[in-house]
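Structural overview
Each chain is listed here by its residues.
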Amino acid sequence: MIEAGDNNSADLCAVAPMGLLAELTHRCPLQCPYCSNPTELERSSGELSTEDWARVFKEAGELGILQTHLSGGEPTVRKDLEEILKAAVDAGIYTNLITAGVLLSRERLEGLVDIGLDHVQLSVQHVDAKLADKIAGFKGGYSKKLELAKWVKELGLPLTVNSPMHRHNVEYLEEIIEFAVKLGAERLEVAHIQYYGWAFENRHTLIPTKEQVYRNADTVDEARERLKGIMSIDFVVPDYYAVRPKPCMGGWGSSFMTISPTGKVLPCHAAASIKGLEFENVKDRHLRDIWLHSSSFNKYRGTDYLPDPCKSCEFREVDFGGCRCQAFMFTGDAKNTDPACSKSSFHKDLLEIAERESKLEPKEFLYRKFTKQQQPAE
Amino acid sequence: MTKERLIVETNTTPALPRFVKLRHDKGRDRWIMLAPERILTPDPIAVEVLNLCDGVKTVGEISGHLAEIYNAPTEVIEKDIKTMLQDLADKGFLIS
Ligand code: SF4
Ligand code: SF4
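If you're wondering where the values come from, they're calculated on a predicted model, not measured in any experiment.

The rules behind each value
Residues numbered from 1 in each chain as written. Chains lettered and ligands numbered in written order. Predicted model: local features only at pLDDT ≥ 70, side-chain atom pairs only at ≥ 80, totals over all residues. Heavy atoms only, no water. Near = heavy atom within 4 Å. Nonpolar A, V, L, I, M, F, W, Y, C, P; charged D, E, K, R; others polar. pLDDT = per-residue confidence, 0-100. Helix = DSSP H or I, 4+ residues; strand = E, 2+ residues; numbered from the N terminus. Contact = heavy atoms within 4.5 Å. Buried < 20%, exposed > 50% of the residue type's maximum accessible area, 1.4 Å probe, protein only. Arc of directions from axis to C-beta. Patch = residues over 30% accessible without salt bridge, like charges linked within 9 Å, V, L, I, M, F, W, Y side chains within 5 Å. Areas by Shrake-Rupley, 256 points an atom, 1.4 Å probe, with all protein chains shown as cover. Salt bridge = Lys/Arg side-chain N within 4 Å of Asp/Glu carboxyl O. 1 Å grid on protein atoms, 1.4 Å probe; cavity = no way out; pocket = protein on both sides within 12 Å on 5 of 7 lines; lining within 4 Å. Points joined across faces, edges and corners; volume = space filled by probe spheres on them. Pairing = 2+ DSSP bridges.

1. Description of the site of ligand 2
Around ligand 2 sit Tyr196(A), Cys248(A), Met249(A), Trp252(A), Cys268(A), Cys323(A), Arg324(A) and Cys325(A), and those are all the residues in its vicinity. Taken together, the residues of the shell around ligand 2 break down into seven nonpolar, no polar and one charged.

Rendered as structure tokens:
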């Protein structure tokens with residue numbers, strides 16, 4: 001267990017983290033235009049080795065991590081996924097595979113279940129096969145996903161369907177809910193996408209109107225009541241239409257960490273978008289050390305650094321001033337109040353952009369891809 | 001085939017589904033329930049109840065057992081247990 005202490009007050013909030021997002025690779029056969037990966041994707045040649053990940057999970061278990069999300073990119077691109085999963089299972093960590101589902105065979109899934117995989121989260125871009133494939137930029141993906149969902153249930157694993165919401169599927173929420181029930185999903189995640197990374201580049205063609213989002217909220221309320229005990233629904237509205245920001249995963253550096261394909265340890269999956277933050281690598285330092293002492297984790301830990309209006313706000317310990325990444329993107333300084341908060345002087349601009357862009361004619365997507373110099377090795 | 005909501009009755013034989021893991025969190029010295037995207041921290045009494053949910057014993061039997069240990073009326077205990085288990089069932093974390 002971690003002892004808080006030292007003379008650094010930031011350490012006091014450094015209780016052990018509980019969740020670890022393991023981005024095993026940035027490679028992915030899909031090209032969703034709202035991908036939360038950084039716009040500068042990491043090359044496959046620099047990816048952590050099997051042994052690196054095995055050590056990371058051992059260190060993570062000792063540090064107190066209870067759950068991990070094996071993600072990417074598409075984690076099943078890695079041929080050593082089995083060994084990586086085994087290391088997490090051996091460390092006593094609850095394992096969740098986040099997949100687009102287009103590369104997995106039934107045999108491979110069965111193998112993963114035998115090793116001890118606990119849960120599968122499958123992304124579904126749309127209920128309409130054609131539109132789903134268009135959004136993902138991948139032909140035939142939709143039917144592969146249906147197959148995978150069926151196998152997951154046959155093998156007795158719980159299934160979460162994850163449908164990121166945006167203008168191109170916002171009117172189909174009811175169908176998405178019915179679809180997930182039919183697949184036998186225990187959970188449905190219908191989070192409106194947040195506009196960082198690739199989604200920021202595509203915001204003008206992705207952002208829905210306020211009315212659409214509010215209608216979604218009503219649909220979810222009704223469905224939750226009807227589906228009690230059958231399927232639970234997590235719903236997240238886009239920050240742009242919120243009055244108060246979402247609390248950032250219990251606060252920066254308080255319960256969660258992300259490890260990038262090359263081994264960078266990030267306080268949040270989007271943290272690389274904040275210029276000037278330096279990240280440490282699992283190859284150089286023990287995970288516990290990084291968690292406790294690295295500058296990127298300590299910089300925005302706690303609430304002492306927050307300026308007004310957060311400084312004097314009663315919600316400071318509730319939402320921790322919102323999202324650092326969004327604060328950086330909009331105000332140029334990550335320590336500012338998240339502009340999603342109505343008390344931020346930038347809030348007006350945020351809302352104005354959302355309302356204007358949500359009414360623009362949709363343009364072609366800018367698909368996620370590696371830039372020329374960054375072509376993946378295979 | 002669509003699922004139906006589990007209603008917890010006296011003769012229900014509750015159990016945790018395979019994907020819900022009840023275990024002791026050594027580092028933090030407390031019991032936790034691990035489920036997809038969720039970590040629950042049941043209190044000591046709840047842990048005792050959950051450890052008895054083996055898919056064989058009924059809610060009535062579990063209540064009777066705990067009523068004896070705690071020297072409390074079975075009806076009171078059973079009512080509390082049903083509320084707690086129904087809540088878990090509605091989250092999708094209980095089967096029978
Ligand atoms: S001012 Fe800061 S602390 Fe207050 S609600 Fe807004 S973001 Fe949260
Ligand atoms: S800083 Fe923002 S993007 Fe990162 S975890 Fe917090 S809320 Fe999410």
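2. Focus on the confidence of the model for chain A
All names here are of chain A. Here chain A averages 84 in pLDDT, and 91% of its residues register 70 or above. Here helix 7 (residues 197–201) stands out as the element of chain A with the lowest mean pLDDT, 72, in contrast to helix 2 (residues 81–90), whose mean of 97 is the highest. Confidence over residues 1–14 falls short of pLDDT 50; this stretch has 30 contacts with residues more than four positions distant or in other chains. Overall, residues 372–378 carries pLDDT values under 50, and its contacts beyond four positions in sequence, including any with other chains, amount to 12 contacts.

3. Structural notes on helix 4 (residues 129–136) of chain A
All names here are of chain A. Within helix 4, burial applies to Ala132, Asp133, Ile135 and Ala136. Taken end-on, helix 4 shows its buried residues confined to a sector of 160 degrees, consistent with a single buried face. Close packing links the buried residues of helix 4 with helix 5 (141–154). Phi turns positive one or two residues past the end of helix 4, at glycine 137, with a value near 65 degrees.

4. Describing the site of ligand 1
If you check the shell around ligand 1, you find Arg244(A), Pro245(A), Pro309(A), Cys310(A), Cys313(A), Phe315(A), Arg316(A), Asp319(A), Gly321(A), Thr337(A), Cys341(A) and Lys343(A) and nothing else. Of the residues assigned to the shell around ligand 1, the class counts are six nonpolar, two polar and four charged.

5. Considerations on a nonpolar patch on the surface
Judged by side-chain polarity, Ile45(B), Ile69(B) and Tyr70(B) come together as a nonpolar surface patch covering roughly 300 Å² of accessible area. When you line up the elements, Ile69(B) lands in helix 2 (residues 59–70).

6. Focus on empty space enclosed by the protein
Residue and element names in this part refer to chain A. With the rule as written, the count across this model stands at one cavity of 30 Å³ or more. Of the volumes computed, that of the largest cavity is approximately 40 Å³. Lining the largest cavity are Cys248, Met249, Gly251, Trp252, Gly253, Ser254, Ser255, Phe256, Pro267 and Cys268. Taken together, the residues of the lining of the largest cavity break down into six nonpolar, four polar and no charged.

7. Digging into the sheet that holds strand 7 (residues 232–236) of chain A
Backbone hydrogen bonds are what pair the strands of a sheet, in a parallel or an antiparallel way. Residue and element names in this part refer to chain A. With mixed pairing, the 10 strands of this open sheet are ordered in space as 7-6-5-4-3-2-1-8-9-10. Looking at which strands have only one partner, the edges of the open sheet turn out to be strand 7 and strand 10 (280–281). Of the strand pairs in this sheet, strand 8 (residues 256–259) and strand 9 (residues 264–266) are connected by two bridges, and their pairing is antiparallel. When the bridges of strand 9 are listed, threonine 258 appears paired with leucine 266.

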